[in-house]
Amino acid sequence: MSDRPGVATAAAGQTVVEVEREARSSATAGKMQLAKGANYLEYLSALCAGLNECLRTGPARGLDPRSMIDLQFAYRERCLEEDIAARKRLLEDLTRSREAHDSEVAAEKRERDRVVQSREQCDEMYRILHGRRKKIDTMSVGERADFDRFEANWKSGCGPA
């Protein structure tokens with residue numbers, strides 16, 4: 001057994017970390033502001049997430065500097081590769097999420113732009129129809145047929161104004 005709180009020594013010189021359930025001193029715990037836990041912890045195994053949490057909260061729980069060094073060593077020894085992989089997975093997930101959001105925003109913008117363009121096109125067709133209606137009495141048979149087709153296209157795509 002070690003003389004440092006939160007650390008026990010096992011056979012063959014291995015260090016075993018025991019998580020303390022309560023703060024060493026309520027006065028010390030009350031004064032220290034705990035930082036938010038890392039957002040990649042969900043990608044770590046229970047052991048590594050627990051060690052990470054012990055490192056984060058150790059000072060607030062009153063762990064002495066030597067115990068903190070032992071915790072850091074244990075974390076590096078057991079969890080370094082897993083920590084790197086967890087950070088990488090988090091970054092990949094965040095990138096995918098951001099790309100999906102960006103794609104959704106771009107699709108919404110394209111739809112808004114399409115609606116605006118369609119409305120502008122309908123407005124222009126209406127302006128042309130209104131101008132040609134004034135000349136309907138002077139149109140030839142062919143011009144009148146073109147006008148009727150144009151008006152039918154406007155009504156089918158835009159509807160009456």
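One can find the structure itself at the top, above this paragraph.
Residues numbered from 1 in each chain as written. Predicted model: local features only at pLDDT ≥ 70, side-chain atom pairs only at ≥ 80, totals over all residues. Heavy atoms only, no water.

**Q** For this particular structure, what's the right way to read the overall build of the chain?
**A** When helices and strands are tallied, the chain shows four helices and two strands. The linear arrangement of helices and strands in the chain, starting from the amino end, is β-β-α-α-α-α. Considering the chain as a whole, with its 161 residues, one finds that 26% of them fall into the buried category. Within the structure as shown, the chain displays about 11,600 Å² of accessible surface, and the carbon and sulfur contribution to it stands at 53%. (Helix = DSSP H or I, 4+ residues; strand = E, 2+ residues; numbered from the N terminus. Buried < 20%, exposed > 50% of the residue type's maximum accessible area, 1.4 Å probe, protein only. Areas by Shrake-Rupley, 256 points an atom, 1.4 Å probe, with all protein chains shown as cover.)

**Q** What is the right way to read the pattern of salt bridges from this model?
**A** Once their charged atoms are close, side chains differing in charge can pair, the charge on each being opposite to the other. A full pass over the atoms with the stated rule returns 11 salt bridges. Here arginine 56 makes a salt bridge to glutamate 53, at a shortest N to O gap of 2.5 Å. Pair noted here: arginine 56 and glutamate 53 are both in helix α2 (residues 46-57), with a separation of three residues, about one helical turn. Given a relative accessible area of 24%, arginine 56 falls into the partly exposed group. Between arginine 114 and glutamate 111 there is a salt bridge; the shortest N-O distance is 2.7 Å. Pair noted here: arginine 114 and glutamate 111 are both in helix α3 (residues 65-133), with a separation of three residues, about one helical turn. (Salt bridge = Lys/Arg side-chain N within 4 Å of Asp/Glu carboxyl O.)

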